[in-house]
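# A closer look at the structure
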Amino acid sequence: MGIFRAEMLGPSGPRLVAPDAVMIQEGIKLALGELGERLAHQMTWSLILSDTEPVLTSDEPVCGWSPGDAPVGYATASIVWLPLSPRVILQLRDREVDPDKLGLPSVASATGRDELIRVVNRQIAGQAHRWVIHHPDDRLHDGLQMAPRTAWRDQLVSVTEDGGTSRELWVQRRLPAQ
């Protein structure tokens, strides 16, 4: 009985997964409700204009970022970046977050902007599913240090036992790709 229980509750045991139709409905509800409200009213929108550093894009160009190792999604990210052109990035920053305490380069100087663009490029390249896109004249590979490839995956955060009931808390986050 102990082996059966360990297999059922272990990482390869069964999990409840909602059908695609439910996931789509919930995704639309989130986008039109809480997430849309957050992006429209709780984020400061600005453009990062590159002086010399080329901007990457990919097949997964929108990237959320927060300091530390907490799970980051669009609803929890301190900053969301979206490349708009080879020299422009749209940045959405949480209004409640002090930009000086994020640990990111300042956009006040050309050097800081280019350094921040290199940070964003590493994030975009690291989360690309298959394609990283740039202008053919840009020599991005010369100085680009790639972040480890990440993918959206489920991570078990905690398990609590209450009598005969076991409760698991899972989060979906970007983790190193397998």
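An account of the accompanying structure is given in this report. The model shown is predicted, which means the values in this text are computed figures rather than measured ones.

## Overview of the side chain of R113
Locating R113 in the fold gives a position in helix α3 (residues 110–127). When its relative accessible area of 19% is taken as the criterion, R113 is described as buried. Engagement of the side chain of R113 in a polar contact is seen with the side chain of D51, the distance being 2.7 Å. With residues near it in sequence (within four places) discarded, R113 still touches L49, D51, S106, V107 and A108.

## Some details on the environment of C63
By the element assignment, C63 lies in strand β3 (residues 63–65). The exposure class of C63 is buried, given its relative accessible area of 1%. For the pair formed by C63 and R5, sequence separation is 58 residues and the distance between their alpha carbons is 39 Å. Contact partners of C63, with chain neighbours within four places excluded, come to I79, V80, W81, Q123, I124 and Q127.

## Some words on the nonpolar core
Grouped together as the largest cluster of nonpolar side chains are 16 residues, with contacts concentrated most on I48, W81, I89, L104, L116 and V120. Looking at this core, the elements with two or more residues in it are β3, β4 (79–85) and α3. Counting residues per element, this core draws most heavily on α3, at 6 residues. Beyond its immediate stretch of four places on either side in the chain, I89 contacts S46, L47, I48, V55, W81, L82, P83, L84, I117 and V120. Formed by 6 residues, the second largest nonpolar core is a distinct cluster that contains V72, A77, V80 and L92.

## Description of the pattern of salt bridges
Counted according to the given criterion, the structure contains 4 salt bridges. For R118, the salt bridge is made with E53, and the minimal N-O distance between the two is 2.9 Å. In this pair, R118 sits in helix α3 while E53 sits in the loop between β1 (43–49) and β2 (57–58), placing the two residues 65 residues apart along the sequence. Given a relative accessible area of 31%, R118 falls into the partly exposed group. Overall, the relative accessible area of 16% leaves E53 in the buried class.

## A short note on the pairing of strand β7 (residues 150–162)
Pairing of β7 with strand β8 (residues 165–176), which is carried by 12 bridges, proceeds in the antiparallel orientation. Looking at β8, one finds that T150 is bridged to P176.

## Considering a nonpolar patch on the surface
Where nonpolar side chains cluster on the molecular surface, the patch consists of I24, I28 and L32 and spans about 340 Å² of accessible area. Relative to the elements of secondary structure, I28 occurs in helix α2 (residues 20–41).

The rules behind these values
Residues numbered from 1 in each chain as written. Predicted model: local features only at pLDDT ≥ 70, side-chain atom pairs only at ≥ 80, totals over all residues. Heavy atoms only, no water. Helix = DSSP H or I, 4+ residues; strand = E, 2+ residues; numbered from the N terminus. Buried < 20%, exposed > 50% of the residue type's maximum accessible area, 1.4 Å probe, protein only. Polar contact = N/O pair within 3.5 Å; in protein donor to acceptor, adjacent residues only side chain to side chain. Contact = heavy atoms within 4.5 Å. Core = buried A, V, L, I, M, F, W, Y, C linked by side-chain atoms within 4.5 Å. Salt bridge = Lys/Arg side-chain N within 4 Å of Asp/Glu carboxyl O. Pairing = 2+ DSSP bridges. Patch = residues over 30% accessible without salt bridge, like charges linked within 9 Å, V, L, I, M, F, W, Y side chains within 5 Å. Areas by Shrake-Rupley, 256 points an atom, 1.4 Å probe, with all protein chains shown as cover.

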